[in-house]
Amino acid sequence: MDVDTRLLRYFATVVEEGNLTRAAQRLYISQPALTKQIRQLEAQVGVDLFVRSRAGMAPTEAGEALAAHAGTVLTAWENALRATRAATTRAARTLRVGFVASAANERTPLIIADFARRRPGWRVRMRQTEWTDPTAGLATGDVDVALLRLPVPGQGDFDVEVLLTEPRWIALPAGHRLAGEDHIRFRDLYDEPFVAAPAESGEWRDHWLAADEREGHPVRVGAVAHHPDEWLNAIAHGQGVSLTPEATARFYQRPDIVYRPVTGVSHSRIGVARPRTQRDDAVDAFVLSCRAVCPNAMPSRT
């Protein structure tokens, strides 16, 4: 019997969440669609996998048995896909580099140029993802290496070196009451609505909301954005403010948005990340290029 790995992933997510609604949000599909997929899996294996109640979804004994093996199966399949895709790109002498938004800022072209000197005949294919995947395709094996804004979900599965740090600033609509200030205290923004990344981005979303640096004040989400253009429009239309790297003020200038330094929050970190379980000469060369262009690079401890 063949089972679609997508169904197995849906099953594992429902087990982890214990709730269809939360699992559907995390998987970015509708709840009815998820219910249909779970029933399809149960029909294929010929047993009930969950006990359904108002309290949520609890795995049956059979469901617990499947859950005990599902993670191993999914990890093995992901590793196989990653190896297959990596072999294809090696044959084509192409390095797939994932990134979110501004990558390594102005140092990105310098890194690519240095890599070209280390690997003549190779080319770099940059792949940008939406904010639903802060790993920029690294977690799914769609890229070989990535330039990331840390922290990201599943960071423990990657080897990460921090290349750069920079202050977090605040992006405000031009007509905001604090837009005329030279510096803004983060505590003065506690009650403001924020433009947030999608919930499935996990700790990446929390970092850009500074959820752990609010002295117990809850986050107010005014809008959710999946990419820079959506984010910029939400701020310009007054749906919220947002923490952002200092570099954003250089890369995304608009007359209806102002950027100001903000005090009381930690810095942003840019890292180069690669799968912990695989080694590749081209990726090694790219990491060396990152170190050469960013001489203060150091291993991440989180």
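A brief look at the structure comes next. Note that this is a predicted model, so its numbers are computed, not measured.

Under the defined criterion, the tally for this structure stands at 7 aromatic pairs. Here the aromatic cluster, defined as three or more aromatic residues joined through ring pairs, consists of W131, W204, W208 and W231. Over the ring of F194 we find R214, and its NZ or CZ is 4.6 Å from the ring centre.

For the rest of this paragraph, the subject is the sheet that holds strand β4 (residues 123-128). If you walk across this open sheet you meet the 6 strands as β4-β3-β5-β13-β6-β14, and the pairing is mixed. Unpaired on one side and paired on the other, β4 and β14 (298-299) mark the two borders of the sheet. Judged from the 8 bridges that link them, strand β6 (residues 158-166) and strand β13 (residues 268-275) form a sheet pairing that is antiparallel. Its bridge partner lying in β13, T165 is registered against R269. Against the sheet, helix α9 (residues 281-293) touches β3 (94-99), β5 (145-150), β6 and β13, its axis set at about 160° to β13.

A full pass over the atoms with the stated rule returns 15 salt bridges. With its nearest N and O atoms 3.6 Å apart, the salt bridge here joins R127 to D142. Residue R127 is located in strand β4, and its partner D142 is located in the loop between β4 and β5; the two are separated by 15 residues in the primary sequence. According to the relative accessible area criterion, D142 is partly exposed, its value standing at 24%. With its nearest N and O atoms 3.0 Å apart, the salt bridge here joins D188 to R185. Residues joined in a network through salt bridges with shared partners are D114, R117 and R118.

Basis of the calculations
- Once a new chain begins, its residue numbering starts again from 1 and follows that chain's sequence as written.
- Predicted model: local features are reported for residues with pLDDT of at least 70 only, side-chain atom pairs are reported and counted for 80 or more only, and whole-chain, interface and lining totals are derived from all residues.
- The basis for every side-chain value is the complete set of non-hydrogen atoms in the structure, without hydrogens or water.
- Within 6.5 Å between ring centres, the rings of Phe, Tyr and Trp (the latter by its six-membered ring) count as paired, and their orientation is classed by plane angle as stacked under 30 degrees, edge-to-face over 60, tilted in between.
- Charge over a ring is defined by NZ of Lys or CZ of Arg lying within 6 Å of the ring centre and within 35 degrees of the ring normal.
- For two strands to be treated as a pair, DSSP must find no fewer than two bridges joining them.
- Only DSSP runs of H or I covering at least 4 residues are called helices, and only runs of E covering at least 2 are called strands; the numbering of each starts at the N terminus.
- When checking whether two residues touch, look at their non-hydrogen atoms; a contact exists if any pair is within 4.5 Å.
- Helix axes use the C-alpha atoms of the stretch in contact, all axes being lines fitted to C-alpha atoms, and the angles between their N-to-C directions lie in the range 0 to 180 degrees.
- Salt bridge, as used here: a side-chain nitrogen of Lys or Arg that lies within 4 Å of a carboxyl oxygen of Asp or Glu.
- Relative accessibility decides the category of a residue: with a 1.4 Å probe and only protein chains considered, values under 20% of the type maximum give buried, values over 50% give exposed, and everything between is partly exposed.

In short, shape yes, function no, at least from these values alone.
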